[in-house]
Amino acid sequence: MSTPAERVRRVGASREPGPAGIQVAEALGHRSGILIHGESLRTLRTMPAEAADLIYIDPPFNTGRRRRLQSITLGSGERERTGYQGRRYRYEVTSDVSYPDNIPKDRYLQFLQVRLIEARRVLKEHGSIYVHVDHRAVHHVRLVLDEVFGEDRFLNEIIWAYDYGGRPRDRWPSKHDNILWYAKSAKWQFNTEAMERMPYMAPSLVSPEKAARGKLPTDVWWITIVPTNSAERTGYPTQKPEKLLERIIQASSAPGDVVLDFFGGSGTTAVVAEKLGRKWVYVDISPDAVRITRQRLAQQAGGMFGTAYEVVKLG
Ligand SMILES: C[S@@+](CC[C@H](N)C(=O)[O-])C[C@H]1O[C@@H](n2cnc3c(N)ncnc32)[C@H](O)[C@@H]1O
(Lines give C-alpha, C1' and ligand atoms only; values in the text may rest on other atoms or scores of the structure.)
Protein backbone atom coordinates (compact mmCIF):
# COMPACT_ATOMS: atom_id res chain seq x y z
CA MET A 1 0.00 0.00 0.00
CA SER A 2 1.33 3.47 -0.81
CA THR A 3 1.72 6.14 1.84
CA PRO A 4 -0.24 9.37 1.41
CA ALA A 5 2.99 11.16 0.44
CA GLU A 6 3.65 8.64 -2.35
CA ARG A 7 0.16 9.14 -3.68
CA VAL A 8 0.90 12.84 -3.96
CA ARG A 9 3.95 12.15 -6.12
CA ARG A 10 2.20 9.65 -8.36
CA VAL A 11 -0.81 11.77 -9.24
CA GLY A 12 1.10 15.04 -9.05
CA ALA A 13 2.47 14.90 -12.61
CA SER A 14 2.08 18.12 -14.61
CA ARG A 15 -0.14 18.17 -17.67
CA GLU A 16 -1.29 20.79 -20.12
CA PRO A 17 -5.04 21.44 -19.95
CA GLY A 18 -7.05 20.18 -22.87
CA PRO A 19 -8.96 22.54 -25.17
CA ALA A 20 -11.99 22.29 -22.91
CA GLY A 21 -10.00 23.94 -20.10
CA ILE A 22 -9.99 22.83 -16.50
CA GLN A 23 -12.97 20.55 -15.90
CA VAL A 24 -13.11 21.02 -12.15
CA ALA A 25 -15.81 18.48 -11.30
CA GLU A 26 -14.24 15.81 -13.49
CA ALA A 27 -10.70 16.42 -12.17
CA LEU A 28 -11.93 16.44 -8.57
CA GLY A 29 -13.98 13.27 -9.00
CA HIS A 30 -11.35 11.05 -7.41
CA ARG A 31 -8.92 13.67 -6.10
CA SER A 32 -9.05 16.14 -3.25
CA GLY A 33 -7.60 19.13 -5.07
CA ILE A 34 -6.20 20.80 -8.17
CA LEU A 35 -3.08 22.90 -7.80
CA ILE A 36 -2.72 25.30 -10.71
CA HIS A 37 0.46 27.22 -11.39
CA GLY A 38 -0.94 29.98 -13.53
CA GLU A 39 -2.32 33.48 -13.90
CA SER A 40 -5.66 33.95 -12.12
CA LEU A 41 -7.71 35.55 -14.90
CA ARG A 42 -6.46 33.16 -17.53
CA THR A 43 -7.19 30.23 -15.24
CA LEU A 44 -10.66 31.43 -14.27
CA ARG A 45 -11.54 31.82 -17.93
CA THR A 46 -10.73 28.15 -18.54
CA MET A 47 -13.06 27.00 -15.75
CA PRO A 48 -16.67 26.03 -16.31
CA ALA A 49 -19.51 28.02 -14.72
CA GLU A 50 -20.80 26.96 -11.29
CA ALA A 51 -17.74 24.92 -10.35
CA ALA A 52 -17.12 26.22 -6.80
CA ASP A 53 -19.25 26.40 -3.65
CA LEU A 54 -17.00 28.88 -1.89
CA ILE A 55 -14.28 31.33 -2.96
CA TYR A 56 -11.77 32.97 -0.64
CA ILE A 57 -9.22 35.39 -2.10
CA ASP A 58 -6.48 37.45 -0.54
CA PRO A 59 -5.36 39.46 -3.56
CA PRO A 60 -2.08 41.36 -3.78
CA PHE A 61 -2.61 44.57 -1.78
CA ASN A 62 -1.05 46.88 -4.32
CA THR A 63 1.61 48.15 -1.96
CA GLY A 64 3.64 49.21 -4.99
CA ARG A 65 6.63 47.09 -3.99
CA ARG A 66 7.85 43.53 -4.07
CA ARG A 67 6.69 41.46 -1.11
CA ARG A 68 9.77 39.68 0.18
CA LEU A 69 10.63 37.53 3.16
CA GLN A 70 14.24 36.52 3.73
CA SER A 71 15.48 34.12 6.39
CA ILE A 72 19.09 34.66 7.46
CA THR A 73 21.63 32.89 9.65
CA LEU A 74 23.98 35.14 11.59
CA GLY A 75 27.64 34.41 12.20
CA SER A 76 28.66 32.98 8.84
CA GLY A 77 28.43 33.86 5.17
CA GLU A 78 29.77 36.50 2.81
CA ARG A 79 27.39 39.35 3.60
CA GLU A 80 27.59 41.87 6.45
CA ARG A 81 25.03 43.99 8.26
CA THR A 82 25.10 46.57 11.05
CA GLY A 83 23.33 45.60 14.26
CA TYR A 84 22.91 46.93 17.79
CA GLN A 85 25.41 49.71 18.76
CA GLY A 86 26.88 49.72 15.26
CA ARG A 87 28.38 46.23 15.54
CA ARG A 88 28.95 44.42 12.24
CA TYR A 89 27.68 40.85 11.71
CA ARG A 90 28.34 38.34 8.96
CA TYR A 91 25.25 36.56 7.68
CA GLU A 92 23.96 34.31 4.95
CA VAL A 93 20.50 34.24 3.37
CA THR A 94 19.00 30.78 3.87
CA SER A 95 15.76 31.44 2.03
CA ASP A 96 14.43 34.30 -0.05
CA VAL A 97 10.80 34.25 -1.12
CA SER A 98 9.00 37.06 -2.89
CA TYR A 99 6.20 38.06 -5.27
CA PRO A 100 5.41 41.35 -7.03
CA ASP A 101 2.76 43.55 -5.44
CA ASN A 102 3.22 46.49 -7.72
CA ILE A 103 0.22 46.81 -9.98
CA PRO A 104 -0.17 50.56 -10.72
CA LYS A 105 -2.98 52.08 -8.60
CA ASP A 106 -5.18 53.05 -11.50
CA ARG A 107 -5.14 49.48 -12.82
CA TYR A 108 -5.64 47.76 -9.45
CA LEU A 109 -9.43 47.98 -9.28
CA GLN A 110 -9.81 47.01 -12.90
CA PHE A 111 -7.47 44.06 -12.23
CA LEU A 112 -9.78 42.92 -9.43
CA GLN A 113 -13.02 43.67 -11.24
CA VAL A 114 -12.38 41.44 -14.24
CA ARG A 115 -11.39 38.57 -11.93
CA LEU A 116 -14.46 39.10 -9.72
CA ILE A 117 -16.76 38.94 -12.74
CA GLU A 118 -15.24 35.56 -13.61
CA ALA A 119 -15.39 34.50 -9.94
CA ARG A 120 -19.13 35.15 -9.89
CA ARG A 121 -19.61 33.03 -13.00
CA VAL A 122 -17.55 30.19 -11.50
CA LEU A 123 -19.53 30.21 -8.22
CA LYS A 124 -22.47 27.86 -7.78
CA GLU A 125 -25.88 29.49 -7.31
CA HIS A 126 -25.83 29.05 -3.50
CA GLY A 127 -22.11 29.97 -3.32
CA SER A 128 -20.39 32.92 -1.68
CA ILE A 129 -17.09 34.79 -1.85
CA TYR A 130 -14.81 36.24 0.82
CA VAL A 131 -12.47 39.00 -0.39
CA HIS A 132 -9.64 39.79 2.00
CA VAL A 133 -8.32 43.36 1.76
CA ASP A 134 -7.14 46.06 4.16
CA HIS A 135 -8.05 49.60 5.17
CA ARG A 136 -6.24 51.06 2.15
CA ALA A 137 -8.43 49.23 -0.37
CA VAL A 138 -11.66 48.18 1.38
CA HIS A 139 -13.80 51.20 0.41
CA HIS A 140 -12.83 50.91 -3.26
CA VAL A 141 -13.15 47.13 -3.41
CA ARG A 142 -16.58 47.18 -1.76
CA LEU A 143 -17.91 49.40 -4.54
CA VAL A 144 -16.52 47.03 -7.14
CA LEU A 145 -18.13 44.06 -5.36
CA ASP A 146 -21.44 45.92 -5.13
CA GLU A 147 -21.31 46.40 -8.86
CA VAL A 148 -20.37 42.81 -9.70
CA PHE A 149 -22.52 40.92 -7.14
CA GLY A 150 -25.16 43.56 -6.36
CA GLU A 151 -25.47 45.70 -3.21
CA ASP A 152 -28.18 43.37 -1.91
CA ARG A 153 -25.77 40.44 -2.04
CA PHE A 154 -23.44 42.03 0.52
CA LEU A 155 -23.48 39.92 3.70
CA ASN A 156 -20.74 41.15 6.02
CA GLU A 157 -17.58 43.14 6.42
CA ILE A 158 -15.52 41.00 8.78
CA ILE A 159 -12.82 42.72 10.77
CA TRP A 160 -9.86 40.46 11.38
CA ALA A 161 -8.11 42.06 14.36
CA TYR A 162 -4.59 41.16 15.46
CA ASP A 163 -1.85 42.78 17.47
CA TYR A 164 1.51 42.69 15.82
CA GLY A 165 4.12 44.98 14.28
CA GLY A 166 5.11 48.63 14.64
CA ARG A 167 3.10 51.43 16.23
CA PRO A 168 3.19 54.86 14.59
CA ARG A 169 3.27 57.87 16.96
CA ASP A 170 1.03 60.14 14.89
CA ARG A 171 -2.14 58.00 14.55
CA TRP A 172 -3.97 54.91 15.91
CA PRO A 173 -2.01 51.83 14.90
CA SER A 174 -3.91 49.99 12.20
CA LYS A 175 -4.19 46.39 13.42
CA HIS A 176 -6.90 44.83 11.35
CA ASP A 177 -7.73 43.56 7.88
CA ASN A 178 -11.16 43.68 6.23
CA ILE A 179 -12.86 40.66 4.70
CA LEU A 180 -15.87 41.41 2.49
CA TRP A 181 -18.40 38.59 2.17
CA TYR A 182 -20.90 38.46 -0.71
CA ALA A 183 -23.40 35.82 -1.85
CA LYS A 184 -24.12 34.99 -5.47
CA SER A 185 -27.90 34.66 -4.96
CA ALA A 186 -30.50 35.03 -2.22
CA LYS A 187 -29.45 31.63 -0.81
CA TRP A 188 -26.09 30.95 0.78
CA GLN A 189 -24.53 28.65 3.38
CA PHE A 190 -24.08 29.83 6.96
CA ASN A 191 -23.56 26.81 9.17
CA THR A 192 -23.91 28.08 12.71
CA GLU A 193 -23.86 24.54 14.09
CA ALA A 194 -20.40 23.91 12.63
CA MET A 195 -18.88 27.04 14.18
CA GLU A 196 -16.48 27.06 17.05
CA ARG A 197 -18.24 29.00 19.81
CA MET A 198 -16.52 31.65 21.90
CA PRO A 199 -16.62 32.63 25.57
CA TYR A 200 -18.91 35.54 26.51
CA MET A 201 -17.04 38.72 27.50
CA ALA A 202 -19.32 39.10 30.50
CA PRO A 203 -20.51 35.54 31.36
CA SER A 204 -22.16 36.71 34.57
CA LEU A 205 -24.75 38.60 32.47
CA VAL A 206 -26.11 35.40 30.84
CA SER A 207 -27.47 32.15 32.26
CA PRO A 208 -24.93 29.50 33.37
CA GLU A 209 -26.11 27.24 30.49
CA LYS A 210 -25.50 30.00 27.94
CA ALA A 211 -22.16 30.85 29.48
CA ALA A 212 -21.09 27.20 29.31
CA ARG A 213 -22.18 26.88 25.67
CA GLY A 214 -20.44 30.08 24.59
CA LYS A 215 -21.60 32.46 21.86
CA LEU A 216 -21.38 32.50 18.10
CA PRO A 217 -18.60 34.68 16.68
CA THR A 218 -19.56 38.19 15.52
CA ASP A 219 -18.10 40.07 12.55
CA VAL A 220 -15.02 41.03 14.60
CA TRP A 221 -12.50 38.20 14.77
CA TRP A 222 -9.52 38.28 17.11
CA ILE A 223 -7.09 35.75 15.67
CA THR A 224 -3.36 35.95 16.10
CA ILE A 225 -1.12 36.21 13.00
CA VAL A 226 1.02 33.17 12.21
CA PRO A 227 3.74 33.35 14.88
CA THR A 228 7.35 33.43 13.61
CA ASN A 229 8.32 30.32 15.55
CA SER A 230 5.20 28.22 14.87
CA ALA A 231 5.10 24.97 12.87
CA GLU A 232 2.46 26.61 10.67
CA ARG A 233 4.94 29.23 9.44
CA THR A 234 6.06 28.64 5.83
CA GLY A 235 8.26 31.69 5.29
CA TYR A 236 5.88 33.00 2.59
CA PRO A 237 5.17 36.75 2.89
CA THR A 238 1.53 37.58 3.82
CA GLN A 239 0.73 34.00 4.89
CA LYS A 240 -2.66 33.98 6.62
CA PRO A 241 -3.46 31.91 9.73
CA GLU A 242 -5.20 28.58 9.28
CA LYS A 243 -7.61 29.53 12.08
CA LEU A 244 -9.01 32.33 9.90
CA LEU A 245 -9.66 30.00 6.98
CA GLU A 246 -11.10 27.34 9.28
CA ARG A 247 -13.80 29.73 10.41
CA ILE A 248 -14.66 30.79 6.85
CA ILE A 249 -14.70 27.29 5.38
CA GLN A 250 -16.68 25.76 8.24
CA ALA A 251 -19.29 28.53 8.11
CA SER A 252 -19.75 28.72 4.36
CA SER A 253 -19.23 25.24 2.93
CA ALA A 254 -20.04 21.62 3.70
CA PRO A 255 -17.81 18.53 3.58
CA GLY A 256 -17.26 17.54 -0.07
CA ASP A 257 -17.86 21.09 -1.37
CA VAL A 258 -15.32 22.79 -3.68
CA VAL A 259 -13.32 25.73 -2.26
CA LEU A 260 -11.44 27.95 -4.73
CA ASP A 261 -8.60 30.40 -4.00
CA PHE A 262 -7.14 32.06 -7.11
CA PHE A 263 -4.47 34.02 -5.22
CA GLY A 264 -3.43 30.94 -3.25
CA GLY A 265 0.00 32.06 -1.91
CA SER A 266 1.40 29.58 0.61
CA GLY A 267 -1.64 27.32 0.27
CA THR A 268 -3.49 28.14 3.50
CA THR A 269 -6.92 27.72 1.89
CA ALA A 270 -5.99 24.40 0.24
CA VAL A 271 -4.48 22.95 3.41
CA VAL A 272 -7.44 23.92 5.60
CA ALA A 273 -9.98 22.78 2.99
CA GLU A 274 -8.22 19.42 2.86
CA LYS A 275 -8.20 19.11 6.65
CA LEU A 276 -11.91 19.86 6.79
CA GLY A 277 -12.81 17.34 4.08
CA ARG A 278 -13.55 19.86 1.33
CA LYS A 279 -12.21 19.70 -2.22
CA TRP A 280 -10.03 22.60 -3.30
CA VAL A 281 -8.71 24.48 -6.32
CA TYR A 282 -5.54 26.50 -5.76
CA VAL A 283 -4.14 29.01 -8.29
CA ASP A 284 -1.00 31.16 -8.03
CA ILE A 285 1.31 32.76 -10.54
CA SER A 286 4.43 32.63 -8.37
CA PRO A 287 6.78 29.63 -8.60
CA ASP A 288 7.80 30.23 -4.95
CA ALA A 289 4.16 30.07 -3.84
CA VAL A 290 3.56 26.84 -5.74
CA ARG A 291 6.76 25.26 -4.39
CA ILE A 292 5.90 26.17 -0.79
CA THR A 293 2.33 24.95 -1.16
CA ARG A 294 3.47 21.61 -2.54
CA GLN A 295 5.93 21.22 0.34
CA ARG A 296 3.20 22.13 2.80
CA LEU A 297 0.72 19.66 1.33
CA ALA A 298 3.36 16.93 1.29
CA GLN A 299 4.21 17.58 4.95
CA GLN A 300 0.56 17.44 5.86
CA ALA A 301 0.15 14.26 3.84
CA GLY A 302 3.14 12.67 5.54
CA GLY A 303 1.96 13.53 8.99
CA MET A 304 -1.74 14.09 9.10
CA PHE A 305 -3.85 13.27 6.07
CA GLY A 306 -3.73 11.72 2.62
CA THR A 307 -3.63 14.21 -0.22
CA ALA A 308 -4.03 13.18 -3.83
CA TYR A 309 -4.10 16.26 -6.01
CA GLU A 310 -3.51 17.13 -9.61
CA VAL A 311 -0.96 19.74 -10.70
CA VAL A 312 -1.68 21.84 -13.76
CA LYS A 313 0.84 24.26 -15.26
CA LEU A 314 -0.92 27.00 -17.21
CA GLY A 315 1.86 28.81 -19.01
C1 LIG B 1 -1.51 38.17 -0.40
S2 LIG B 1 -0.84 36.76 -1.21
C3 LIG B 1 -1.87 35.42 -0.73
C4 LIG B 1 -1.42 34.83 0.58
C5 LIG B 1 -2.26 33.62 0.99
N6 LIG B 1 -3.60 33.97 1.43
C7 LIG B 1 -1.57 32.81 2.09
O8 LIG B 1 -2.17 32.54 3.16
O9 LIG B 1 -0.40 32.46 1.90
C10 LIG B 1 -1.31 37.09 -2.87
C11 LIG B 1 -0.85 36.05 -3.87
O12 LIG B 1 -1.36 36.39 -5.16
C13 LIG B 1 -0.43 35.94 -6.15
N14 LIG B 1 -0.72 36.66 -7.38
C15 LIG B 1 -0.50 37.97 -7.65
N16 LIG B 1 -0.93 38.27 -8.89
C17 LIG B 1 -1.44 37.11 -9.41
C18 LIG B 1 -2.08 36.77 -10.64
N19 LIG B 1 -2.28 37.70 -11.59
N20 LIG B 1 -2.49 35.51 -10.83
C21 LIG B 1 -2.30 34.55 -9.85
N22 LIG B 1 -1.71 34.82 -8.66
C23 LIG B 1 -1.30 36.09 -8.45
C24 LIG B 1 0.92 36.23 -5.53
O25 LIG B 1 1.92 35.42 -6.12
C26 LIG B 1 0.67 35.92 -4.06
O27 LIG B 1 1.07 34.60 -3.74
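Colleague: I keep staring at the overall build of the protein and nothing clicks. Help me out?
Modeller: When helices and strands are tallied, the protein shows nine helices and 12 strands. The 315 residues of the protein split such that 47% are buried. A separation of at least 24 residues holds for 71% of the contacts in the protein among residues at least 6 apart in sequence. As displayed, the protein has an accessible area near 16400 Å², and 52% of this comes from carbon and sulfur atoms.

Colleague: Can you walk me through the packing of aromatic side chains in this structure?
Modeller: Each pair of aromatic rings is reported with the distance of its centres and the angle of its planes. For the structure on display, the rule yields seven aromatic pairs. A centroid spacing of 5.7 Å and a plane angle of 40° characterise the contact between W181 and F190, whose relative ring orientation is tilted. For W181, a relative accessible area of 2% translates into the label buried. F190 sits in the partly exposed class, given a relative accessible area of 46%. One aromatic cluster is present, formed by F111, F262 and F263 through successive ring pairs. The cationic tip of R115 hangs over the ring face of F111; the distance from NZ or CZ to the ring centre is 3.8 Å. In this arrangement the basic side chain of R142 is found over the ring face of F154, its NZ or CZ atom lying 3.8 Å from the centre.

Colleague: Would you mind showing me how to read the pattern of salt bridges here?
Modeller: Between side chains of opposite charge, a pair can form as their charged atoms come close. Summed over all chains, the structure comprises 15 salt bridges. As a salt-bridge pair, R121 and E118 come within 2.9 Å of each other at their nearest N and O atoms. With R121 and E118 both in helix α4 (residues 105-122) and three residues apart, the pair spans about one turn of that helix. A relative accessible area of 14% places E118 in the buried class.

The rules we used
- Note on numbering: residues in each chain are counted from 1, in written sequence order.
- Totals for whole chains, interfaces and linings use every residue, but because this is a predicted model, local features are given only for residues with pLDDT of at least 70 and side-chain atom pairs only at 80 or more, for both listing and counting.
- Excluded from the side-chain calculations are hydrogens and water; all other atoms, namely the structure's heavy atoms, are used.
- Numbered from the N terminus, helices here are DSSP runs of H or I no shorter than four residues, and strands are runs of E no shorter than two.
- Throughout, exposure labels follow a simple rule: accessible area from a 1.4 Å probe, protein chains only, divided by the maximum for the residue type, with under 20% read as buried, over 50% as exposed, and the rest as partly exposed.
- Throughout, a residue-residue contact means that at least one pair of heavy atoms, one from each residue, lies within 4.5 Å.
- The Shrake-Rupley method, run with a 1.4 Å probe, gives the accessible areas here. Residue values count only the displayed protein chains as cover.
- Pairs were defined over the aromatic rings of Phe, Tyr and Trp, the Trp ring being its six-membered one, requiring ring centres within 6.5 Å. Orientation was assigned from the angle between planes: stacked under 30 degrees, edge-to-face over 60, tilted for the rest.
- Charge-over-ring contacts are defined here by two conditions on Lys NZ or Arg CZ: a distance within 6 Å of the ring centre and an angle within 35 degrees of the ring normal.
- The term salt bridge refers to a side-chain nitrogen of Lys or Arg lying within 4 Å of a carboxyl oxygen of Asp or Glu.

Everything listed is a geometric property; what it means functionally is a separate question.
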